[in-house]
Amino acid sequence: MCLKRLKKIARLYKISVFSGFQYFKADTIMELISEVIFSIGNILFWYCVTDMGYELSGWSLNQIFVFVAYSELFFSLNSSILGVCSRFWYIIYSGNLEVLLTKPIDCRLRFVVLNMKLSTLINGIIKFVVLLMIANYSIVSIRGFLLSILIVVIAAINLGVIYFIFSYASFWIGKMDPINEVADSLTIFNKYPLVVLSKIAKVIFTYILPFYFFSTFPAEVVLEKISLKNGIYGCSTLCITLGIWMLINNLIWRKGLERYEGING
Amino acid sequence: MITIKNLSKVYKNNTTILKDLNLSIHDGEVVALLGENGSGKSTLVKMLVGVLKPTTGAVYIDSFNSFSNRKKVIPNLGVLFNQKPSFIVDLSVYDNLMFFQTIYGISDEEFKKNLDLINSYLNIEDLYNKPYRKLSFGQRVKCEITSVLLHNPKYIVLDEPTIGLDYNSKQGLYELCKYFNKEKKSTLIIITHEIEYIEDICSRVIILDKGTVLYDGSSSDIGTYFKKYEELEISYTKIINEEVAEKFFLVAQNIDKEKGTFVVADKNFNKQLLIQELNQAFDIKSFVSKNDDLRGIFKYVLKEIKENR
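Residues numbered from 1 in each chain as written. Chains lettered and ligands numbered in written order. Predicted model: local features only at pLDDT ≥ 70, side-chain atom pairs only at ≥ 80, totals over all residues. Heavy atoms only, no water.

Judged by nonpolar contacts, the single largest core of 101 residues is most densely connected at A:F88, A:L97 and A:F214. Those residues within four positions of A:F88 in sequence are excluded, and the remaining contacts are A:L97, A:C107, A:R108, A:F111, A:F164, A:S167, A:Y168 and A:W253. Grouped together as the second largest cluster of nonpolar side chains are 60 residues, B:L34, B:I88, B:L117 and B:V205 included. (Core = buried A, V, L, I, M, F, W, Y, C linked by side-chain atoms within 4.5 Å. Buried < 20%, exposed > 50% of the residue type's maximum accessible area, 1.4 Å probe, protein only. Contact = heavy atoms within 4.5 Å.)

This is the structure we're talking about:
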């Protein structure tokens, strides 16, 4: 059942993304250029910070570059997949939901699959690998690396679910333009290691919004900066919060559908 | 079979759109759903396909509640909401159709067979490689119709399917609907104002008025009402005789400086005499009889049906 569903998604993805790519080659190349410039800017920022003598509680420049690699991976995930979830409100508001509800595929899944940008994600992965190479961190363990990627994937699903929940407010409120702004502005917290933020911010970005699990935590896992106990605790927290958010997501979606009135009479 | 039981819908602003509706639509029927704007046609269709939750009552499709069991009902439905695209605008028509093939789980052989069949009626082959966003409105409607019929749905629901279509495409769609009903035993529910559709392919007509069923019967019976009226559209450059023109203004549906639409209640009227009178009143540019569209005469038909009840 699950395999069949995955095959279906893969086929949809192949149709939408690869076919769409032929129309947007120039767009993809421009995007790659802008991402390279953005990454160079980010590297320069941290280089200047450490060059000026500032220290980030126990993080060397190379270690910061590992963090930056995960941070950049998050931004690529956000541009290619997650940001799409926060724009789902428009489907509800514009009345297009009624068309999507009459098709035999979950309209949220369809929305994400059809709007995600594979080229942005590929650019992001390339950038991630290059940044890890720049970090020149030779003791990155394969096991830790794979675990960190899994953590980032779960955190991405978690944030996507949260963005969807925000989008459902459109069932009650209608136009939800500021949701995109809020979602985009929140990502700024992923630019800096969470260790520099206050305790309250750490709690919020660990237990409510999963930003800790996008860059700081995976970097800590890869660099073996946390104990096994804390690692297990972090992973468990991530999975539990994902479960809770999914339950809330399901509940609000159902309530929203009951309230949905569509447009045009 | 579709069963509608005690169906009501009250919107959030306390507007009652449907009132305690009870209907059954049997397999193989072709039903025309008619009514003035705001009569509840679209709301009924949306509740029928499980998109809107009824305030009271329910719609059952093959004994499944269409709202709470939407996932079970949807694979058997082909739904066209006109003017709301279900295609991905940046992809070509063929890629879009492959997308529908995937989500409906249609085999390659069936996909090709059905596409060829639909193409023979709607002539969309030339559009396959064009991106959807580059199509005209009429071409988009044809593609949407194709996607609706591609999986041989048991129930086909079409909301104003002919809007934007040229004469040949309308005829093609019309024959295609007949084919699906006769050969594939599909049940069709069509919201339309095209008299040709209603008379030739619909076995049953349901007229909604202010959320209730005003008429539910055979299309041949209702056809007699429609045939009594005729809508005329007259374009003119100027008014010649104000006094005579006034007579027309009193019965005009829409009128402006250059154009007027009139409904003649008795189809046996003397057209010659009417044209003479019109010529006295206006400097006429054109004179068109709008026989194929019911919208203009609908209010007169409703009035007469109500009087005869």
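Residue and element names in this part refer to chain B. Strand order in this open sheet of four strands is β2-β1-β4-β5, and the pairing throughout is antiparallel. The open sheet has two edge strands with one neighbour each: β2 (16–25) and β5 (64–65). Sheet topology note: the strand β1 (residues 2–10)/strand β4 (residues 56–61) ladder contains five bridges and is antiparallel. Residue pairing in the sheet places S8 in a bridge with T56 of β4. Running at roughly 125° to β1, helix α1 (residues 41–48) makes contact with β1, β2 and β4 of the sheet. (Pairing = 2+ DSSP bridges. Helix = DSSP H or I, 4+ residues; strand = E, 2+ residues; numbered from the N terminus. Axes fitted to C-alpha atoms, helices over the stretch in contact; angles between N-to-C directions.)

Turning our attention to the packing of helix α3 (residues 61–85) of chain A against helix α7 (residues 118–135) of chain A. All names here are of chain A. Packing of α3 against α7 brings their axes to within 8 Å, and their N-to-C directions diverge by 180°. The angle between α3 and α7 falls in the class roughly antiparallel. Residues that form the contact of α3 with α7 fall into these classes: 15 nonpolar, six polar and two charged. (Parallel < 35°, antiparallel > 145°, perpendicular 65-115°, else oblique. Nonpolar A, V, L, I, M, F, W, Y, C, P; charged D, E, K, R; others polar.)

Okay, the state of the cysteines next. Tallied over the full model, the rule gives zero disulfides over all chains. Note on A:C107: no disulfide assigned, nearest cysteine sulfur contributed by A:C85 at a separation of 12 Å. Exposure remark for A:C107: the relative accessible area of 4% places this residue in the buried category. No disulfide involves B:C143; its sulfur sits 16 Å from the nearest other cysteine sulfur, which is in B:C177. (Disulfide = S-S within 2.5 Å.)

This part is about empty space enclosed by the protein. Counting across every chain of the model gives two cavities of 30 Å³ or more. Approximately 50 Å³ is the volume found for the largest cavity. Lining the largest cavity we find A:V99, A:T102, A:K103, B:V79, B:L80, B:F81, B:K84, B:S86, B:E144, B:S147 and B:V148. Those elements giving two or more residues to the lining of the largest cavity turn out to be β6 (77–81) and α5 (137–149) of chain B. Broken down by class, the residue content of the lining of the largest cavity amounts to five nonpolar, three polar and three charged. In this model, the second largest cavity occupies a volume close to 30 Å³. Lining of the second largest cavity is provided by B:I25, B:V31, B:L33, B:L44, B:L48, B:I189 and B:I206. Those elements that provide at least two residues to the lining of the second largest cavity are β3 (30–35) and α1 of chain B. (1 Å grid on protein atoms, 1.4 Å probe; cavity = no way out; pocket = protein on both sides within 12 Å on 5 of 7 lines; lining within 4 Å. Points joined across faces, edges and corners; volume = space filled by probe spheres on them.)

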